[in-house]
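# Descriptive analysis of the structure
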Number of protein chains: 2
Amino acid sequence: MLRTATCGQLRADQIGQTVTLCGWADKYRDHGGVVFIDLRDRYGITQIAFRMEESSEIQQLSSTIRHEDVIQVTGEVVSRGEDNKNPKLATGEIELRANHLVVLNKSKTPPFEPRGESLANEELRLQYRFIDLRRPALQNKMFLRHQLTRSVRNYFDELDFIEIETPILGRSSPEGARDYLVPSRVHEGAFYALPQSPQLFKQILMVSGYDRYYQIAKCFRDEDLRADRQPEFSQIDIEMSFVEQEDILSAIDGLLARMVKDVRGEKLPTPLPRYTHAEVMERFGTDKPDLRFGMELTDISDLVEESGFGVFKNTVGSGGKVRGLCVPGGAEKYSRRVLDNDLKNLVGEYGAKGLAYFKVANGGLDSSIAKFFDEKEQAAIVERMGGNDGDLLVFVADTYPVTCAALAALRNHLAKDLELYDPKELNCLWVVEFPLVTWNEDENRWDAEHHPFCAVHPDDVEYFESDPSKIRALSYDLVCNGYEAASGSIRIHDPAIQQKIFDLLNIDAEEAEERFGFLLQALRYGAPPHGGIALGLDRWVMLMTGTDNIRDVIAFPKTQKASDLMMGAPSEVDQRQLRDLNIKIDLPE
Amino acid sequence: MLRTATCGQLRADQIGQTVTLCGWADKYRDHGGVVFIDLRDRYGITQIAFRMEESSEIQQLSSTIRHEDVIQVTGEVVSRGEDNKNPKLATGEIELRANHLVVLNKSKTPPFEPRGESLANEELRLQYRFIDLRRPALQNKMFLRHQLTRSVRNYFDELDFIEIETPILGRSSPEGARDYLVPSRVHEGAFYALPQSPQLFKQILMVSGYDRYYQIAKCFRDEDLRADRQPEFSQIDIEMSFVEQEDILSAIDGLLARMVKDVRGEKLPTPLPRYTHAEVMERFGTDKPDLRFGMELTDISDLVEESGFGVFKNTVGSGGKVRGLCVPGGAEKYSRRVLDNDLKNLVGEYGAKGLAYFKVANGGLDSSIAKFFDEKEQAAIVERMGGNDGDLLVFVADTYPVTCAALAALRNHLAKDLELYDPKELNCLWVVEFPLVTWNEDENRWDAEHHPFCAVHPDDVEYFESDPSKIRALSYDLVCNGYEAASGSIRIHDPAIQQKIFDLLNIDAEEAEERFGFLLQALRYGAPPHGGIALGLDRWVMLMTGTDNIRDVIAFPKTQKASDLMMGAPSEVDQRQLRDLNIKIDLPE
């Protein structure tokens, strides 16, 4: 090794020792007779002192060192003295009195400094990602990601899970609108597809008796980039045999507790609360509720169906709902202008035609439309909403789904705006009993809510004929801070139920064979009851580090900019390469 | 859980307990009043007894169970009695006296049984991979693979390495003849490439100060399938900063010792022997020598340059070499027919025009060409070759490279044929000091032996002008049992040396920027001295399990057969999907 210690290692105990350090020149100060350089590596910072009286030659060379030069320094570990200690630095009691200096590599002047005061703009940082990756804040996230995956692996290893790699080059399924396709040179005219998940393979591993499988799997989706989405992503992928839903949920409860303990040193109370899909829709309007705060949705339809306010009355009369939120202390906070513009527009994005609002004052309602409600109605509404004087009540009158979507978005917006929660808190819950299928209005058919292999709640088989919307799947999502942090289901192993679902989804035998043939065949040769789940690794690192930017948790993220080409944006390729593949690109004029 | 114990768990201690097991019906015997079923899961086998006197209903149902049906059985753990113990089975002291049976899933009649006496042919097993994967021999290899990766991760975690994921969707480099290309839907007309290795990314991580990186990385090469090669493969990928060659070698010595200990429970003596490239070429004719056996190459050029045998004399006269092997006890074993046909053809494949051979008899040579050598010459040859009576001496007279290639192949062939080694032995060595460049006769230029980033031996910089063939790279291969099991190098961090190498390889500034721009730019902003290595994971599982078939160590391998389509062979895709990508396939008529 070119060093005998790292820059994070030296303490008062080592005073008097001669050591060699290597690293990057961080801050430097030239005080005439002495040059101080903060030497940085992954492990920390050590102050180096180049003193004229030690070696004028070395001292002179040291004065040529600039930001991000890579150097090797040998010297004696000395005390900084009581007055010069730096309690903020782990190595703050000592400095290295250098008597030897090798410039291992000069750096061009960096466009920004890794430990600079202010953060350079993201575009510049992405362009110089190799410097950005030196920022301690970003390095800490990469370390945490490593720590998290290690924690995951240790947990599953201890529980006798086996990690098995499934293929990246797989088979395209006809519906794979988001599949990346990969032309094969060896098989002319044929394409591989990159997996959106290892779903089929992990189910086959259960059929093959592997009993408990996990993998940190690379998955791909050919979609536009977003702040929280990348075309390639990693998921913690799990499948277990001879289990029921509760077995999976409690295995993952244990995983999360382990992750939070290993990574944050905190205790996560388990079991995590379980909510049904119907309950979270009713109380929070979404299947991804953020439970770091309350402010639940409340239904006042029955209170206003005979009121003098036509919008409410007519909505309820035509089968719709009037639901709302009580915003504590919101009366002062939100002006009429904000309510009539910003907040109304927000709910409008989710299909709501309007936003009704009242201030709670003297136990009754105060607003331009308050006059349409008599005193008794006003009192009943305030009571139902749990309103106190100074609170703001907001209502959406619309179909049930629109009230859900609009109020869920409004609830999140208001909670963030009012700082109703600690952004670092981690709040997790299970949502279970998702509907098996949802009606696709556009295409006039039933769509699978997850995929066509979700097992059916045993009580609901009768609804296949009478009302498929009532069939509950044995599927479950883990929701954390309002994000879907995991999703899974018990799978079908009974061919008769599988057929019922294909029938319901209008998947005929030929299509089923074409899309899922290898799995369907496997299921006929002794499939055990099994189920599984997948956790988004990127999302978990984001949750654990409290960032909303997925580019903070991936070393080499994809970006929209051409300047990041080298980091993995696609590029135009040689015509020769395409000719080899018998491919023609047919770009629109 | 649908079970309270696994099929590998029960012992005499549990006698009297009531347990529930789940698994696959393996062997079954119907003895009239009692049906015995061997119930199998990943953890073992438990014998289940369904007795008429326990429950005639259950006993009757049990008689309908066939191979690979999935069942759940509840009953009492009972002793088999002294006479019926099965010492070959971990659970052989007990059986389960069943009083409850649930058929969880019937199986179609399997095309072969996972624990059948004889192994079905590989094509059938690949077609029914989900059954093949139930074979204990194959499951053991998958478990060993898991154990091996765990061992690797533990080792590097303990040494402060950090695991970082690098992109799968990357940038194609113009020379990437073996790159898989991936058209992007979002960036029209542009292509990603799948990585042949994370080389550029791991070097950038060193520039970014991550100090010690590892990853079990997916890599891709669009090439024909072979018994030991798959188009996608996993490599244990490592890079370290502030190191010299010996630091990498000893880190990997430690890794191998750990792997062998964890997986085989054996001690691997380290440090592994280091040989120079020149030495292994001289002694074994190959840079991948199998050192499980001796039979080294011996040069007799100086002994025969004045001999009466024209072929030898002329070869040496024109600058060639006469080199050979001494095959212990080979005189009897190899007939003239085999020597003149099989073995001559073998060396012929490597360019040798002939194979000369002699038996050692009475301390001299015995063969049709022995007469061309006088007694003194014969004795000198026998002595040089270390021949004893009854040995066979074989020689190739040709250019140095041809004698190397031909005799290396012959040496391997003879050693296998003569069973000179234990196929389970693991023999590893380092080959260091590879030439930096080799002369490409066809294209009249120097080619990089590894890649253009290998650092140069400090003593050899002078040869850039005088004789580039003499420049040694700071590169190293790990060779085990005759296979390349790892390969790496110290990288260049000095821009001046990098420029010299680009000049030597005729890579101009524009081409360098196009191919390696992102890395070259990073190297200008403070690159530490660094180096690394990559180990083929598939190869290591093969070495550890003693198989030559790569399909034995990958759960879902690619195969040539269309019947394995589902397992990940490419397929024809929807025209609609291609239209979305603006791609036309232009197959030859």
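Residues numbered from 1 in each chain as written. Chains lettered and ligands numbered in written order. Predicted model: local features only at pLDDT ≥ 70, side-chain atom pairs only at ≥ 80, totals over all residues. Heavy atoms only, no water.

Stated formally: UniProt positions are given in the numbering used here, feature names are shortened, and annotations may be inferred rather than shown by experiment.
An unreviewed UniProt entry annotates chain A as Aspartate--tRNA(Asp/Asn) ligase originating from Thalassoglobus neptunius. Word for word, the UniProt comment on chain A under Catalytic activity (unreviewed entry) is "tRNA(Asx) + L-aspartate + ATP = L-aspartyl-tRNA(Asx) + AMP + diphosphate". What the UniProt record of chain A gives under Subunit (unreviewed entry) is the line "Homodimer."

### Quick word on the interface of chain B and chain A
For the record, the criterion: A contact between two residues is defined here by any heavy atoms of the two lying within 4.5 Å. Each of two parts loses accessible area, computed with a 1.4 Å probe, when they are put together; buried area is these two losses added. The rule for a salt bridge is simple: a side-chain nitrogen of Lys or Arg has to be within 4 Å of a carboxyl oxygen of Asp or Glu. By the criterion applied in these results, polar contacts are pairs of N or O atoms within 3.5 Å in which, for protein atoms, one can donate a hydrogen and the other can accept it, and in which residues neighboring in sequence qualify only through two side-chain atoms. A run of DSSP states H or I qualifies as a helix once it reaches four residues; a run of E qualifies as a strand once it reaches two. Both are numbered from the N-terminal end.
Counting residues at the interface gives 133 residues for chain B and 133 residues for chain A. Summing the contributions of chain B and of chain A, the shared interface buries around 11700 Å²; its carbon and sulfur component is 58%. The tally of links from chain B across to chain A stands at ten salt bridges. For the salt bridge of Asp157 of chain A with Arg150 of chain B, the shortest nitrogen-to-oxygen distance reads 3.9 Å. Here chain B and chain A share 56 residue pairs in polar contact (both at pLDDT 80 or more) between them. At ten residues, helix α4 (residues 136–158) of chain B tops the list of elements feeding residues into the side of chain B that touches chain A.

### Some remarks on the relation of the copies chain B and chain A
For clarity, the threshold we go by: Least-squares superposition aligns the copies on the C-alpha atoms of those residues with pLDDT at or above 70 in both.
Here chain B sits on chain A after a turn of 180° about the axis and a move of 0.0 Å along it, with an RMSD of 0.1 Å. Here the two chains are linked by the operation of a two-fold rotation axis.

### Digging into the sheet that holds strand β12 (residues 298–299) of chain B
Residues and elements named next belong to chain B. Rules: A pair of strands is labelled paired if DSSP reports no fewer than 2 bridges between them. Lines are fitted to the C-alpha atoms to define the axes, a helix being fitted only along its stretch in contact, and any angle between axes, read from their N-to-C directions, falls within 0 to 180 degrees.
The antiparallel open sheet is built from five strands, whose spatial order is β12-β13-β16-β14-β15. Here the strands that pair on one side only, and so sit at the sheet edges, are β12 and β15 (364–366). Bridge count between strand β13 (residues 321–327) and strand β16 (residues 392–398): seven bridges; the pairing is antiparallel. The partner of Cys326 across the bridge, within β16, is Leu393. Strand contacts of helix α12 (residues 375–385): β12, β13, β14 (356–361), β15 and β16, with the helix running at about 95° to β15, the strand carrying the most contacts.

### Concerning the pairing of β13 of chain B
Residues and elements named next belong to chain B. Test applied: Summary of the burial criterion: residues with accessible area below 20% of their type's maximum are buried, those above 50% are exposed, and those between are partly exposed, where the area comes from a 1.4 Å probe applied to protein chains only.
β13 sits mainly inside the fold: six of its seven residues count as buried. In terms of strand pairing, β12 meets β13 through two bridges, oriented antiparallel. By the bridge assignment, Asp299 is partnered in β13 with Arg323.

### Structural notes on the environment of Phe161 of chain B
When you line up the elements, Phe161 of chain B lands in the loop between α4 and β6 (162–163). Note on Phe161 of chain B: relative accessible area 2%, which makes it buried. Taking the C-alpha atoms as reference points, Phe161 of chain B and Arg212 of chain B, separated by 51 residues in sequence, lie 4.7 Å from one another. Not counting chain neighbours up to four residues away, the residues in contact with Phe161 of chain B comprise His146 of chain A together with Phe156, Arg212, Tyr213, Tyr214, Ile238, Glu239 and Met240 of chain B.

### Topic: the domain arrangement of chain A
Filter applied, for reference: Start and end points for every domain follow an automatic or database-based domain assignment.
Each assigned domain of chain A is listed here: domain 1 (12–105), domain 2 (138–276 + 427–554) and domain 3 (293–417). The C-alpha-based centres of domain 1 of chain A and domain 2 of chain A are spaced at 52 Å.

### Description of the environment of Lys218 of chain A
With respect to the helices, strands and loops of the structure, Lys218 of chain A is situated in strand β9 (residues 212–220). Considered as a pair, Lys218 of chain A and Phe233 of chain A are 15 residues apart in the sequence and their alpha carbons are 5.8 Å apart. Beyond its immediate stretch of four places on either side in the chain, Lys218 of chain A contacts Ile168, Pro195, Glu232, Phe233 and Ser234 of chain A together with Glu165, Thr166 and Ile168 of chain B. Of the polar contacts made by the side chain of Lys218 of chain A, one reaches the side chain of Glu165 of chain B; its length is 3.3 Å. A polar side-chain atom of Lys218 of chain A sits 3.5 Å from the main-chain carbonyl oxygen of Thr166 of chain B.

### Some thoughts on the packing of aromatic side chains
Going by this rule: Two rings from Phe, Tyr or Trp (for Trp, the six-membered ring) form a pair when their centres are within 6.5 Å of each other. A pair whose planes differ by under 30 degrees is stacked, one over 60 is edge-to-face, and the rest are tilted. Should the NZ of a Lys or the CZ of an Arg lie within 6 Å of a ring centre and within 35 degrees of the ring normal, that charge is described as sitting over the ring.
Enumeration according to the criterion identifies 46 aromatic pairs over all chains in this entry. Plain terms: the ring middles of Tyr155 of chain B and Phe156 of chain B are 5.3 Å apart, the flat faces sit at 75° to each other, and that makes the pair edge-to-face. The exposure class assigned to Tyr155 of chain B is buried, which follows from its relative accessible area of 10%. One aromatic cluster is present, built from ring pairs that chain together Phe309, Phe312, Phe358, Phe372, Phe373 and Phe395 of chain A. One cation-aromatic arrangement involves Arg539 of chain A over Tyr483 of chain A; the distance from NZ or CZ to the ring centre is 3.6 Å.

### Overview of the sheet that holds strand β16 (residues 392–398) of chain A
Residues and elements named next belong to chain A. In space, the five strands of this open sheet follow the order β12-β13-β16-β14-β15, with antiparallel pairing throughout. In the strand order of this sheet, the two ends are held by β12 (298–299) and β15 (364–366), each with one partner. Where helix α9 (residues 310–317) meets the sheet, its contacts fall on β13 (321–327), β14 (356–361) and β16, and the angle it forms with β16 comes to roughly 45°.

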